[in-house]
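Take a look at the letters that make up each chain.
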Amino acid sequence: MREPVTWPVPDKAPAGRIVYAAAHVVADPLGDNTPGSPAAVDWDATLRFRRHLWSHGLRVADAMDTAQRNMGLDWAATRELIRRSAAEALPYGDPATLVACGAGTDHAPQAADLNTITAAYAEQIETVQSAGAGVIVMASRQLARVATGPEDYHQVYGKLFGLADRPVILHWLGEMFDPQLAGYWGSRDVATATESFLELIHAHAALVDGVKVSLLDEEHEVRLRAALPEGVKLYTGDDFNYPSLIKSGSHALLGIFDAIAPAAAAALHALDAGDLDRYDEIFAPTVPLSRKIFEAPTYNYKTGIVFLAWLNGHQDAFAMVNGAQSARSLLHLSEVFRLADQAGLLADQELAVRRMKALLAVNGL
(Lines give C-alpha, C1' and ligand atoms only; values in the text may rest on other atoms or scores of the structure.)
Protein backbone atom coordinates (compact mmCIF):
# COMPACT_ATOMS: atom_id res chain seq x y z
CA MET A 1 0.00 0.00 0.00
CA ARG A 2 1.07 3.57 -0.61
CA GLU A 3 2.10 5.96 2.11
CA PRO A 4 -1.02 7.33 3.81
CA VAL A 5 -2.21 10.78 2.77
CA THR A 6 -3.41 13.41 5.20
CA TRP A 7 -5.71 15.79 3.36
CA PRO A 8 -6.00 19.34 4.68
CA VAL A 9 -9.37 20.39 6.07
CA PRO A 10 -10.20 23.69 4.35
CA ASP A 11 -11.42 26.69 6.29
CA LYS A 12 -13.80 27.77 3.53
CA ALA A 13 -15.75 26.47 0.56
CA PRO A 14 -14.23 26.50 -2.94
CA ALA A 15 -14.69 29.92 -4.51
CA GLY A 16 -14.44 29.24 -8.21
CA ARG A 17 -17.04 26.51 -8.51
CA ILE A 18 -20.26 25.57 -6.72
CA VAL A 19 -19.86 21.95 -5.72
CA TYR A 20 -22.39 19.47 -4.34
CA ALA A 21 -21.58 15.97 -3.18
CA ALA A 22 -24.56 13.65 -3.68
CA ALA A 23 -24.68 11.83 -0.35
CA HIS A 24 -25.60 8.23 0.48
CA VAL A 25 -27.72 7.06 3.39
CA VAL A 26 -26.39 4.71 6.08
CA ALA A 27 -28.54 1.65 6.66
CA ASP A 28 -29.28 0.40 10.15
CA PRO A 29 -27.39 -2.92 10.23
CA LEU A 30 -29.93 -4.33 12.69
CA GLY A 31 -32.91 -3.23 10.61
CA ASP A 32 -34.76 -5.31 8.05
CA ASN A 33 -33.27 -3.89 4.88
CA THR A 34 -33.97 -6.92 2.74
CA PRO A 35 -35.15 -6.14 -0.82
CA GLY A 36 -38.65 -4.70 -0.81
CA SER A 37 -38.69 -3.78 2.88
CA PRO A 38 -39.17 -0.18 4.06
CA ALA A 39 -35.81 1.51 4.52
CA ALA A 40 -34.35 1.28 8.04
CA VAL A 41 -31.84 4.13 8.32
CA ASP A 42 -29.10 4.78 10.86
CA TRP A 43 -29.87 8.47 11.26
CA ASP A 44 -26.91 9.31 13.50
CA ALA A 45 -24.38 7.93 11.02
CA THR A 46 -26.25 9.39 8.05
CA LEU A 47 -26.16 12.89 9.50
CA ARG A 48 -22.59 12.49 10.72
CA PHE A 49 -21.56 11.81 7.13
CA ARG A 50 -23.21 15.02 5.96
CA ARG A 51 -21.22 16.93 8.56
CA HIS A 52 -18.11 15.30 7.11
CA LEU A 53 -18.97 16.68 3.66
CA TRP A 54 -19.73 20.17 4.98
CA SER A 55 -16.47 20.16 6.93
CA HIS A 56 -14.63 19.92 3.61
CA GLY A 57 -16.49 22.91 2.20
CA LEU A 58 -18.79 20.90 -0.05
CA ARG A 59 -22.52 21.33 -0.34
CA VAL A 60 -24.80 18.31 -0.02
CA ALA A 61 -27.21 17.07 -2.66
CA ASP A 62 -29.56 14.86 -0.73
CA ALA A 63 -32.43 12.46 -1.33
CA MET A 64 -31.21 11.74 -4.84
CA ASP A 65 -30.14 8.60 -6.68
CA THR A 66 -26.97 8.28 -4.56
CA ALA A 67 -29.29 8.03 -1.54
CA GLN A 68 -31.02 5.15 -3.37
CA ARG A 69 -34.12 6.95 -4.55
CA ASN A 70 -36.09 4.50 -6.67
CA MET A 71 -33.74 1.78 -5.38
CA GLY A 72 -34.89 1.17 -1.84
CA LEU A 73 -35.27 4.55 -0.13
CA ASP A 74 -39.05 4.81 0.23
CA TRP A 75 -40.90 8.11 0.54
CA ALA A 76 -41.36 7.92 4.31
CA ALA A 77 -37.59 7.62 4.82
CA THR A 78 -36.92 10.22 2.11
CA ARG A 79 -39.21 12.75 3.78
CA GLU A 80 -37.44 12.22 7.09
CA LEU A 81 -34.03 12.49 5.41
CA ILE A 82 -34.94 15.83 3.85
CA ARG A 83 -36.16 17.21 7.17
CA ARG A 84 -33.19 15.97 9.16
CA SER A 85 -30.52 17.04 6.65
CA ALA A 86 -31.86 20.57 6.36
CA ALA A 87 -32.03 20.92 10.15
CA GLU A 88 -28.50 19.52 10.52
CA ALA A 89 -27.14 22.19 8.17
CA LEU A 90 -28.24 25.12 10.34
CA PRO A 91 -25.01 25.39 12.39
CA TYR A 92 -23.05 25.57 9.12
CA GLY A 93 -25.14 28.23 7.39
CA ASP A 94 -28.30 28.60 5.32
CA PRO A 95 -29.81 25.16 4.60
CA ALA A 96 -31.12 26.44 1.27
CA THR A 97 -27.50 27.03 0.25
CA LEU A 98 -25.85 24.03 1.87
CA VAL A 99 -28.49 21.38 1.04
CA ALA A 100 -30.43 20.75 -2.15
CA CYS A 101 -32.87 17.84 -2.11
CA GLY A 102 -34.47 15.82 -4.84
CA ALA A 103 -38.18 16.25 -5.49
CA GLY A 104 -39.77 13.63 -7.70
CA THR A 105 -42.82 11.44 -8.11
CA ASP A 106 -41.61 8.10 -6.74
CA HIS A 107 -44.24 8.05 -3.98
CA ALA A 108 -46.91 7.83 -6.71
CA PRO A 109 -45.68 4.85 -8.75
CA GLN A 110 -49.07 4.25 -10.38
CA ALA A 111 -49.54 7.85 -11.57
CA ALA A 112 -51.00 7.54 -15.04
CA ASP A 113 -51.76 11.08 -16.22
CA LEU A 114 -50.01 14.45 -16.30
CA ASN A 115 -52.17 16.06 -13.63
CA THR A 116 -51.48 13.27 -11.12
CA ILE A 117 -47.76 13.44 -11.89
CA THR A 118 -47.75 17.22 -11.45
CA ALA A 119 -49.53 16.87 -8.11
CA ALA A 120 -46.99 14.28 -6.97
CA TYR A 121 -44.13 16.60 -7.89
CA ALA A 122 -45.87 19.46 -6.07
CA GLU A 123 -46.13 17.45 -2.85
CA GLN A 124 -42.43 16.67 -2.83
CA ILE A 125 -41.41 20.22 -3.76
CA GLU A 126 -43.45 21.48 -0.81
CA THR A 127 -41.74 18.94 1.46
CA VAL A 128 -38.29 20.15 0.42
CA GLN A 129 -39.14 23.84 0.65
CA SER A 130 -40.88 23.53 4.01
CA ALA A 131 -37.70 21.91 5.37
CA GLY A 132 -35.71 24.94 4.20
CA ALA A 133 -33.61 23.14 1.56
CA GLY A 134 -33.10 23.97 -2.10
CA VAL A 135 -35.05 22.02 -4.72
CA ILE A 136 -33.66 19.66 -7.33
CA VAL A 137 -36.41 18.59 -9.72
CA MET A 138 -35.57 14.97 -10.39
CA ALA A 139 -36.40 13.07 -13.54
CA SER A 140 -39.64 11.11 -13.12
CA ARG A 141 -40.10 7.50 -14.15
CA GLN A 142 -43.83 8.11 -14.17
CA LEU A 143 -43.53 11.09 -16.52
CA ALA A 144 -41.17 9.13 -18.79
CA ARG A 145 -43.83 6.40 -19.01
CA VAL A 146 -46.82 8.67 -19.59
CA ALA A 147 -45.42 11.50 -21.74
CA THR A 148 -46.08 11.26 -25.47
CA GLY A 149 -43.70 14.03 -26.53
CA PRO A 150 -41.77 17.16 -25.51
CA GLU A 151 -44.94 19.17 -24.99
CA ASP A 152 -45.96 16.93 -22.08
CA TYR A 153 -42.66 17.57 -20.30
CA HIS A 154 -43.02 21.30 -20.91
CA GLN A 155 -46.56 21.26 -19.53
CA VAL A 156 -45.58 19.53 -16.29
CA TYR A 157 -42.33 21.40 -15.66
CA GLY A 158 -43.94 24.72 -16.59
CA LYS A 159 -46.40 24.26 -13.74
CA LEU A 160 -43.66 23.21 -11.31
CA PHE A 161 -41.70 26.42 -11.81
CA GLY A 162 -44.68 28.33 -10.46
CA LEU A 163 -44.47 26.36 -7.19
CA ALA A 164 -40.84 27.11 -6.38
CA ASP A 165 -39.94 29.87 -3.94
CA ARG A 166 -36.46 30.24 -5.49
CA PRO A 167 -34.70 29.00 -8.66
CA VAL A 168 -34.42 25.21 -8.89
CA ILE A 169 -31.92 22.75 -10.28
CA LEU A 170 -33.18 20.50 -13.09
CA HIS A 171 -31.81 16.96 -13.25
CA TRP A 172 -31.31 15.07 -16.50
CA LEU A 173 -30.43 11.52 -15.46
CA GLY A 174 -29.35 9.27 -18.30
CA GLU A 175 -30.67 5.78 -18.87
CA MET A 176 -27.33 4.25 -17.83
CA PHE A 177 -28.26 5.41 -14.31
CA ASP A 178 -31.93 4.43 -14.67
CA PRO A 179 -33.12 2.50 -17.74
CA GLN A 180 -36.70 3.59 -17.03
CA LEU A 181 -35.74 7.18 -17.93
CA ALA A 182 -34.89 6.36 -21.55
CA GLY A 183 -36.31 8.99 -23.91
CA TYR A 184 -36.58 11.71 -21.28
CA TRP A 185 -37.52 15.17 -22.60
CA GLY A 186 -39.49 13.49 -25.36
CA SER A 187 -37.00 11.60 -27.51
CA ARG A 188 -34.49 8.77 -27.39
CA ASP A 189 -32.30 10.83 -29.73
CA VAL A 190 -30.04 12.88 -27.44
CA ALA A 191 -29.79 15.82 -29.86
CA THR A 192 -33.58 16.06 -30.15
CA ALA A 193 -34.03 15.68 -26.40
CA THR A 194 -31.44 18.43 -25.85
CA GLU A 195 -33.40 20.83 -28.07
CA SER A 196 -36.51 20.19 -25.97
CA PHE A 197 -34.54 20.62 -22.74
CA LEU A 198 -33.02 23.91 -23.88
CA GLU A 199 -36.37 25.23 -25.06
CA LEU A 200 -37.78 24.62 -21.58
CA ILE A 201 -34.83 26.28 -19.85
CA HIS A 202 -34.82 29.36 -22.11
CA ALA A 203 -38.55 29.79 -21.51
CA HIS A 204 -38.07 29.78 -17.71
CA ALA A 205 -34.44 30.91 -17.30
CA ALA A 206 -35.13 33.19 -14.33
CA LEU A 207 -36.49 30.22 -12.39
CA VAL A 208 -33.62 27.83 -13.16
CA ASP A 209 -30.52 27.98 -10.97
CA GLY A 210 -28.82 25.30 -13.03
CA VAL A 211 -29.04 21.93 -14.70
CA LYS A 212 -27.45 18.73 -13.46
CA VAL A 213 -26.58 16.49 -16.40
CA SER A 214 -25.65 12.83 -15.93
CA LEU A 215 -25.15 11.46 -19.45
CA LEU A 216 -21.42 10.54 -19.25
CA ASP A 217 -20.79 12.40 -22.52
CA GLU A 218 -18.17 15.12 -22.16
CA GLU A 219 -18.58 16.67 -25.61
CA HIS A 220 -22.34 16.88 -25.24
CA GLU A 221 -22.02 18.55 -21.85
CA VAL A 222 -19.64 21.20 -23.19
CA ARG A 223 -22.03 22.02 -26.05
CA LEU A 224 -25.01 22.13 -23.68
CA ARG A 225 -23.16 24.38 -21.26
CA ALA A 226 -22.43 26.87 -24.04
CA ALA A 227 -26.10 26.90 -25.09
CA LEU A 228 -27.55 27.67 -21.65
CA PRO A 229 -28.98 31.13 -20.95
CA GLU A 230 -26.74 33.53 -19.10
CA GLY A 231 -26.87 32.88 -15.36
CA VAL A 232 -27.97 29.24 -15.64
CA LYS A 233 -25.24 26.94 -14.33
CA LEU A 234 -24.18 23.55 -15.62
CA TYR A 235 -23.60 21.14 -12.74
CA THR A 236 -21.66 18.22 -14.12
CA GLY A 237 -22.93 14.81 -13.15
CA ASP A 238 -20.28 13.09 -15.28
CA ASP A 239 -18.47 10.73 -12.91
CA PHE A 240 -16.08 9.71 -15.72
CA ASN A 241 -14.85 13.12 -16.92
CA TYR A 242 -15.35 15.52 -14.01
CA PRO A 243 -11.76 16.88 -13.74
CA SER A 244 -11.68 18.28 -17.27
CA LEU A 245 -15.30 19.46 -17.17
CA ILE A 246 -14.86 21.32 -13.89
CA LYS A 247 -11.60 22.81 -15.11
CA SER A 248 -13.25 24.08 -18.29
CA GLY A 249 -16.14 25.75 -16.48
CA SER A 250 -18.74 23.31 -15.16
CA HIS A 251 -19.89 23.40 -11.56
CA ALA A 252 -20.46 19.98 -10.00
CA LEU A 253 -23.09 17.75 -8.44
CA LEU A 254 -21.46 14.35 -8.24
CA GLY A 255 -21.98 11.02 -6.52
CA ILE A 256 -18.26 10.29 -6.61
CA PHE A 257 -17.62 13.34 -4.42
CA ASP A 258 -19.31 11.38 -1.61
CA ALA A 259 -16.35 8.99 -1.73
CA ILE A 260 -13.51 11.39 -2.58
CA ALA A 261 -14.56 14.51 -0.66
CA PRO A 262 -11.15 15.23 0.95
CA ALA A 263 -9.31 14.98 -2.37
CA ALA A 264 -12.02 16.87 -4.25
CA ALA A 265 -11.87 19.76 -1.79
CA ALA A 266 -8.09 19.95 -2.07
CA ALA A 267 -8.22 19.89 -5.87
CA LEU A 268 -10.85 22.63 -6.00
CA HIS A 269 -8.80 24.87 -3.73
CA ALA A 270 -5.81 24.28 -6.01
CA LEU A 271 -8.01 25.40 -8.91
CA ASP A 272 -8.95 28.53 -6.96
CA ALA A 273 -5.24 29.25 -6.50
CA GLY A 274 -4.55 28.76 -10.20
CA ASP A 275 -2.34 25.75 -9.51
CA LEU A 276 -3.55 23.54 -12.36
CA ASP A 277 -0.66 21.10 -11.99
CA ARG A 278 -1.69 20.36 -8.41
CA TYR A 279 -5.35 20.17 -9.46
CA ASP A 280 -4.50 17.55 -12.06
CA GLU A 281 -2.17 15.69 -9.71
CA ILE A 282 -4.88 15.30 -7.07
CA PHE A 283 -7.72 14.36 -9.38
CA ALA A 284 -5.83 12.05 -11.77
CA PRO A 285 -5.77 8.92 -9.54
CA THR A 286 -9.40 9.44 -8.50
CA VAL A 287 -10.64 8.96 -12.07
CA PRO A 288 -9.80 5.21 -12.35
CA LEU A 289 -11.46 4.76 -8.97
CA SER A 290 -14.59 6.60 -10.08
CA ARG A 291 -14.79 4.76 -13.39
CA LYS A 292 -14.54 1.46 -11.54
CA ILE A 293 -17.27 2.41 -9.07
CA PHE A 294 -19.52 3.62 -11.90
CA GLU A 295 -18.84 0.82 -14.37
CA ALA A 296 -21.81 -0.94 -15.96
CA PRO A 297 -24.38 -1.56 -14.70
CA THR A 298 -23.83 2.04 -13.64
CA TYR A 299 -26.87 2.22 -11.36
CA ASN A 300 -25.10 -0.13 -8.93
CA TYR A 301 -22.46 2.50 -8.19
CA LYS A 302 -24.01 3.13 -4.77
CA THR A 303 -22.50 -0.15 -3.53
CA GLY A 304 -18.96 1.11 -4.11
CA ILE A 305 -19.77 4.46 -2.51
CA VAL A 306 -21.05 2.80 0.67
CA PHE A 307 -18.18 0.29 0.65
CA LEU A 308 -15.65 3.13 0.82
CA ALA A 309 -17.63 4.89 3.55
CA TRP A 310 -17.42 1.68 5.58
CA LEU A 311 -13.69 1.22 4.93
CA ASN A 312 -13.11 4.81 6.04
CA GLY A 313 -15.01 4.43 9.32
CA HIS A 314 -17.99 6.61 8.45
CA GLN A 315 -20.31 3.72 9.29
CA ASP A 316 -20.03 0.56 11.35
CA ALA A 317 -21.35 -1.95 8.83
CA PHE A 318 -21.20 -2.60 5.10
CA ALA A 319 -24.98 -2.67 4.86
CA MET A 320 -27.40 -0.88 2.55
CA VAL A 321 -31.13 -0.38 2.28
CA ASN A 322 -32.75 -2.85 -0.12
CA GLY A 323 -29.84 -5.24 0.47
CA ALA A 324 -27.86 -3.37 -2.20
CA GLN A 325 -24.48 -4.28 -0.69
CA SER A 326 -24.78 -7.48 -2.71
CA ALA A 327 -25.02 -5.63 -6.04
CA ARG A 328 -21.24 -5.79 -6.74
CA SER A 329 -18.87 -8.75 -6.76
CA LEU A 330 -16.00 -9.34 -4.38
CA LEU A 331 -13.55 -8.83 -7.26
CA HIS A 332 -15.13 -5.46 -8.02
CA LEU A 333 -14.90 -4.35 -4.40
CA SER A 334 -11.31 -5.57 -4.13
CA GLU A 335 -10.36 -3.40 -7.09
CA VAL A 336 -12.17 -0.44 -5.53
CA PHE A 337 -10.08 -0.99 -2.39
CA ARG A 338 -6.85 -1.05 -4.43
CA LEU A 339 -7.72 2.07 -6.43
CA ALA A 340 -8.84 3.97 -3.32
CA ASP A 341 -5.47 3.26 -1.76
CA GLN A 342 -3.66 4.49 -4.87
CA ALA A 343 -5.69 7.71 -4.75
CA GLY A 344 -4.79 8.28 -1.09
CA LEU A 345 -8.42 7.91 -0.03
CA LEU A 346 -8.15 5.37 2.77
CA ALA A 347 -8.19 7.67 5.77
CA ASP A 348 -7.08 5.04 8.27
CA GLN A 349 -5.17 2.27 6.51
CA GLU A 350 -5.13 -0.01 9.53
CA LEU A 351 -8.91 0.16 9.86
CA ALA A 352 -9.42 -0.25 6.10
CA VAL A 353 -7.15 -3.30 5.96
CA ARG A 354 -8.85 -4.88 8.95
CA ARG A 355 -12.28 -4.41 7.42
CA MET A 356 -11.14 -5.59 3.98
CA LYS A 357 -9.68 -8.74 5.51
CA ALA A 358 -12.93 -9.35 7.36
CA LEU A 359 -14.90 -9.06 4.13
CA LEU A 360 -12.52 -11.46 2.40
CA ALA A 361 -12.79 -13.94 5.25
CA VAL A 362 -16.60 -13.91 5.12
CA ASN A 363 -16.26 -14.81 1.44
CA GLY A 364 -13.92 -17.71 2.16
CA LEU A 365 -10.61 -16.05 1.34
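Residues numbered from 1 in each chain as written. Predicted model: local features only at pLDDT ≥ 70, side-chain atom pairs only at ≥ 80, totals over all residues. Heavy atoms only, no water.

**Student:** Break down the packing of aromatic side chains for me, citing the residues and quoting the values.
**Tutor:** Taken as a whole and judged by the stated rule, the model has 19 aromatic pairs. Their ring planes at 65° and their centres at 6.3 Å tell us that Phe177 and Phe294 sit as a pair that is edge-to-face. Pair noted here: Phe177 is in the loop between strand E5 (168–173) and helix H7 (190–203) and Phe294 is in the loop between helix H13 (286–293) and helix H14 (301–311), with a separation of 117 residues, a long-range link. We note that Phe177, like Phe294, is buried. Aromatic pair Phe307 and Trp310: ring centres 6.2 Å apart, planes at 40°, arrangement tilted. Taken together, the residues Phe307 and Trp310, both in helix H14 and 3 residues apart, mark about one turn of the helix. Of the residues examined, Trp310 reaches a relative accessible area of 9% and is grouped as buried. One aromatic cluster is present, built from ring pairs that chain together Tyr121, Tyr153, Tyr157, Trp172, Tyr184, Trp185 and Phe197. (Phe/Tyr/Trp six-rings, centres within 6.5 Å; stacked < 30°, edge-to-face > 60°. Helix = DSSP H or I, 4+ residues; strand = E, 2+ residues; numbered from the N terminus. Buried < 20%, exposed > 50% of the residue type's maximum accessible area, 1.4 Å probe, protein only.)

**Student:** An account of the packing of H13 against helix H15 (residues 330–342) is requested, with residue identities and associated values reported.
**Tutor:** Where H13 meets H15, the closest approach of the two axes is 9 Å, and the angle between their N-to-C directions is 165°. Here H13 is positioned roughly antiparallel relative to H15, judged by the angle of their axes. The way H13 lies across H15 gives a crossing that is left-handed. Each of Pro288, Leu289, Lys292 and Ile293 in H13 lies in contact with H15, whose residues at this interface are His332, Glu335, Val336, Leu339 and Ala340. (Axes fitted to C-alpha atoms, helices over the stretch in contact; angles between N-to-C directions. Parallel < 35°, antiparallel > 145°, perpendicular 65-115°, else oblique. Left-handed = near helix turned anticlockwise from the far one by under 90°. Contact = heavy atoms within 4.5 Å.)

**Student:** Can you lay out the pairing of strand E3 (residues 99–103) for me, pointing to particular residues and giving the numbers?
**Tutor:** Burial analysis of E3 places 5 of its 5 residues in the buried class, which makes it a mostly covered element. Here E3 shows no split at all, with Val99, Cys101 and Ala103 on one side and Ala100 and Gly102 on the other all buried. The pairing of strand E2 (residues 59–62) with E3 spans 3 bridges and is parallel. Note that in E3 the partner of Val60 across the bridge is Val99. Here 4 bridges tie E3 to strand E4 (residues 134–137), and the two strands are oriented parallel to one another. The residue of E4 that forms the bridge with Cys101 is Val135. Handedness of the crossover is the feature at issue here: the chain leaves E3, passes through helix H4 (residues 114–131), returns alongside E4, and the resulting connection is right-handed. (Pairing = 2+ DSSP bridges. Right-handed = clockwise from strand over helix to strand, strands pointing away.)

**Student:** Account for the packing of helix H11 (residues 261–272) against helix H12 (residues 276–283), with residues named and values stated.
**Tutor:** Relative to each other, H11 and H12 sit at 165°, their axes nearing to 7 Å. With respect to H12, the element H11 is oriented roughly antiparallel. Seen along the crossing, H11 lies across H12 with a hand that is left-handed. Contact residues: H11 offers Ala263, Ala264, Ala266, Ala267, Ala270 and Leu271, while H12 offers Leu276, Arg278, Tyr279, Ile282 and Phe283. For the contact of H11 with H12, the per-class residue count stands at 10 nonpolar, no polar and 1 charged. (Nonpolar A, V, L, I, M, F, W, Y, C, P; charged D, E, K, R; others polar.)

Any functional reading would require information that these geometric values do not contain.
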